[in-house]
Amino acid sequence: MNAAVATAVFGAFMVLTVVLGLLAVRGRGSGGGLAEWSVGGRSLGTVFIWVLMAGESYTSFSYLGAAGWGYRFGAPVLYVLAYMSCGYALGYVVGPMLWSYARRHQLVGITDMVAHRYRAPWLGAVVALLATVCLLPYIQLQITGMGVVVSTISYGAISLNWAYFIAFAVTTGFVVISGLRGSAWVSVLKDVLVIATLGFLAVYVPLHYFDGYGPFLHRIVAERPQWLTFPGHASGGLGPVWFVTTTVVNSLTVVIFPTTVAGYLGARDAEVLRRNALYLPFYNVLLFVPMLLGTAALFVVPGLVGAGSDLALFRMVVDSLPAWAVGLIGVAAALSSIVPMAVFMLVIGTMWGRSVLGARSGAGGGAAGEASGDGDGDGGRRTVGGRQKLWSQLVVVGAGALALALTYTAPDTLVRLSLISYEGMAQLVPMLLLGLVWRRLTLRAAVSGLMAGFALVCVLVFGGHDPVWGMNAGLVGLAVNVAVALGVTWLGPRDTDDRPDAEVLALDDEFPRDGAVAPGGAVGPTASS
């Protein structure tokens, strides 16, 4: 009976998820083009951008990994709060800058941006390949996380294999049709459930198991003090230096992460992003709940080891709550997998559909599709944009299917790749951010720095040297990356790009409103490169 009730609650909300995704694009027709599908027509307001980007910080990791780290290690898990908060502060500046640059030149992602900045369409394809390697593990991890949640809350009635397939099918079903806008709509449902369930658990667990926060916290201090200080308990040396360096490198990386940039570009104006950067840190307060409850599970369900510790929170939930409540909490956790997984898949599809399969060598750096001018007038641009959208949707299905297949057949493959996901993506920071504010950074220098930094990260991580000298390997790689890029820029040949600064750099001026005159005399948001 418990399994039937919890599964029924879960099934009803999965149907609602797909319906919301379909309703998101009702009345917009099927010809909206790649920009409408991939960045919501650049029209999302503060609420939708807030809930969409909050999904970046609240995934299945928050229910499983954060509680699991709290259970196993303790204090080092607080790095998540630190880097997300610092990343939001950086996003206050970086978000509007990237939004303005992309809007001015009609770009839809970081692959477009680097291709346009360095006038090298092939570079967009290279970045798409690198970003895909770093993003695919996140799709697999969300599939795995949702599978574990669904199997647990169904009291074992739904097997892991079926739960994995459900995660893939539901996410693919709505993201292929509704794109970023559908993800934003589903994010509203997810956030309502996340806030409600975590608020409830933050009160219920301490009262039910410890008679309140006082006895609970006293017991932690008395019996598990090593969980409250760095380097935590059995964390392998994740001390203060690792905490600081990880916070630095991850906060830099999160602002240029392809999924974060997709959220930036979906905004209707730069002011939405500035307000969003102010509001998002409040969402991080919720992350304290699974971290704290993970330590509570030390006393309630002791003895969990390895991956089993990731179930610490749900073991307490299933053992003590009625089935309908277990189902609701499971839905919140499942949607926390579905929303970010949808954006990961959408971003991979957009990068490949735009910069690899649909690439065109247009003027001013090869931005493809709607900005390339390929075709005769608006009709030609719509044709190219529609073709790129179709390619992107096919890649979404392919990327999700690949992650699902590897989850079944070789789960360790993508888990191994996940080790370099953030450290690897960090190596794009100089190429993108430094390149958009410093004209002298050349294509040769940017690529040399990227190759040196990424190679070093791979050697350190896969060689078992992360952290190195107590530092995050990603920051070491980033330092080498910047040093190589600067050295090649100063010692190598000068850039021969003769385009004006307004065409190459992300200037301080915000993109003009409809009808206003942009730099160079172009008019409004229809002006392209």
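Residues numbered from 1 in each chain as written. Predicted model: local features only at pLDDT ≥ 70, side-chain atom pairs only at ≥ 80, totals over all residues. Heavy atoms only, no water.

Draft legend 1. Focus on a nonpolar patch on the surface. Together, Tyr92, Val93, Leu278, Tyr279 and Phe282 give the surface a local cluster of nonpolar side chains, amounting to about 550 Å² of exposed area. Of all the secondary-structure elements, those providing two or more residues to the nonpolar patch are helix H6 (79–105) and helix H13 (270–284). When residues of the nonpolar patch are assigned to their parent elements, the largest contribution, three residues, is made by H13. With respect to the helices, strands and loops of the structure, phenylalanine 282 is situated in helix H13. By relative accessible area, phenylalanine 282 is classed as exposed at 63%. (Patch = residues over 30% accessible without salt bridge, like charges linked within 9 Å, V, L, I, M, F, W, Y side chains within 5 Å. Areas by Shrake-Rupley, 256 points an atom, 1.4 Å probe, with all protein chains shown as cover. Salt bridge = Lys/Arg side-chain N within 4 Å of Asp/Glu carboxyl O. Helix = DSSP H or I, 4+ residues; strand = E, 2+ residues; numbered from the N terminus. Buried < 20%, exposed > 50% of the residue type's maximum accessible area, 1.4 Å probe, protein only.)

Draft legend 2. View of empty space enclosed by the protein. By the definition in use, this model includes three cavities of 30 Å³ or more. Reported here for the second largest cavity is a volume of approximately 90 Å³. Every residue lining the second largest cavity is counted, 13 residues in all, and those nearest its centre are Val108, Gly109, Pro258, Ala262 and Val347. Among the elements of the structure, helix H2 (33–39), helix H7 (110–117), helix H12 (258–265) and helix H16 (323–356) are those that each provide at least two residues to the lining of the second largest cavity. Element by element, the count of residues in the lining of the second largest cavity is highest for H16, at four residues. Broken down by class, the residue content of the lining of the second largest cavity amounts to nine nonpolar, four polar and no charged. (1 Å grid on protein atoms, 1.4 Å probe; cavity = no way out; pocket = protein on both sides within 12 Å on 5 of 7 lines; lining within 4 Å. Points joined across faces, edges and corners; volume = space filled by probe spheres on them. Nonpolar A, V, L, I, M, F, W, Y, C, P; charged D, E, K, R; others polar.)

Draft legend 3. Quick look at the packing of helix H8 (residues 121–153) against helix H9 (residues 160–210). Contact geometry of H8 with H9 gives a least axis separation of 8 Å together with a crossing angle of 125 degrees. The angle between H8 and H9 falls in the class oblique. Helix-helix and strand crossings are classified by hand; for H8 and H9 the assignment is right-handed. Side by side, H8 and H9 meet where Ile143, Thr144, Met146, Gly147, Val148, Val150 and Ser151 of the first sit next to Leu160, Ala163, Tyr164, Ile166 and Ala167 of the second. Broken down by class, the residue content of the contact of H8 with H9 amounts to nine nonpolar, three polar and no charged. (Axes fitted to C-alpha atoms, helices over the stretch in contact; angles between N-to-C directions. Parallel < 35°, antiparallel > 145°, perpendicular 65-115°, else oblique. Left-handed = near helix turned anticlockwise from the far one by under 90°. Contact = heavy atoms within 4.5 Å.)

Draft legend 4. Representation of the packing of aromatic side chains within the structure. Applying the stated criterion across every chain, the model contains 21 aromatic pairs. Geometrically, the ring pair formed by tryptophan 50 and tyrosine 283 is edge-to-face, given 5.3 Å between the ring centres and 70 degrees between the ring planes. Here tryptophan 50 is found in helix H3 (residues 46–57), whereas its partner tyrosine 283 is found in helix H13, with 233 residues between them in sequence. Aromatic side chains tyrosine 138 and phenylalanine 344 sit 5.4 Å apart centroid to centroid with 45 degrees between the ring planes, which places their arrangement in the tilted category. Separated by 206 residues along the polypeptide, tyrosine 138 in helix H8 and phenylalanine 344 in helix H16 bring together distant segments of the chain. A residue is classified by how much of its surface remains accessible, and tyrosine 138, at 19% relative accessible area, is buried. Residue class for phenylalanine 344 comes out buried when judged on its relative accessible area of 4%. Feature note: the residues Trp69, Phe73, Tyr79, Tyr83, Tyr138, Trp242, Phe257, Phe344 and Tyr422 constitute an aromatic cluster, connected by ring pairs. Above the face of the tyrosine 118 ring, arginine 117 is positioned so that its terminal group lies 4.5 Å from the ring centre. (Phe/Tyr/Trp six-rings, centres within 6.5 Å; stacked < 30°, edge-to-face > 60°. Lys NZ or Arg CZ within 6 Å of the ring centre and 35° of its normal.)

Draft legend 5. Quick peek at the nonpolar core. Tyr63, Leu98, Met113, Ile139, Leu201, Leu428 and Met431 are the most contacted members of the largest nonpolar core, which has 168 residues in total. Among the elements that line this core, the one with the most residues is H9, at 20 residues. Apart from residues lying up to four places away in sequence, leucine 98 is in contact with Met113, Val255, Val261, Tyr264, Leu265, Leu433 and Leu436. (Core = buried A, V, L, I, M, F, W, Y, C linked by side-chain atoms within 4.5 Å.)

Draft legend 6. Spotlight on the side chain of asparagine 481. Within the element layout of this structure, asparagine 481 appears in helix H22 (residues 473–491). Each residue touching asparagine 481, except ones within four places of it in the same chain, is listed here: Gln427, Pro430, Gly449, Leu450 and Gly453.

Draft legend 7. Quick look at the environment of glutamine 393. Position of glutamine 393 relative to the elements: it lies in helix H17 (residues 377–409). Assessed through its relative accessible area of 16%, glutamine 393 is described here as buried. A sequence separation of 44 residues divides glutamine 393 from glycine 349, and the C-alpha atoms of the two residues are 6.1 Å apart. Here glutamine 393 is in contact with Trp37 and Val176, once residues within four sequence places are set aside.

Draft legend 8. Spatial organisation of the environment of serine 418. For serine 418, the location among the structural elements is in helix H18 (residues 411–418). Residues serine 418 and leucine 141 lie 277 residues apart in sequence; the distance between their C-alpha atoms is 8.6 Å. Apart from residues no more than four positions distant in its own chain, serine 418 is found in contact with Pro137 and Leu141.

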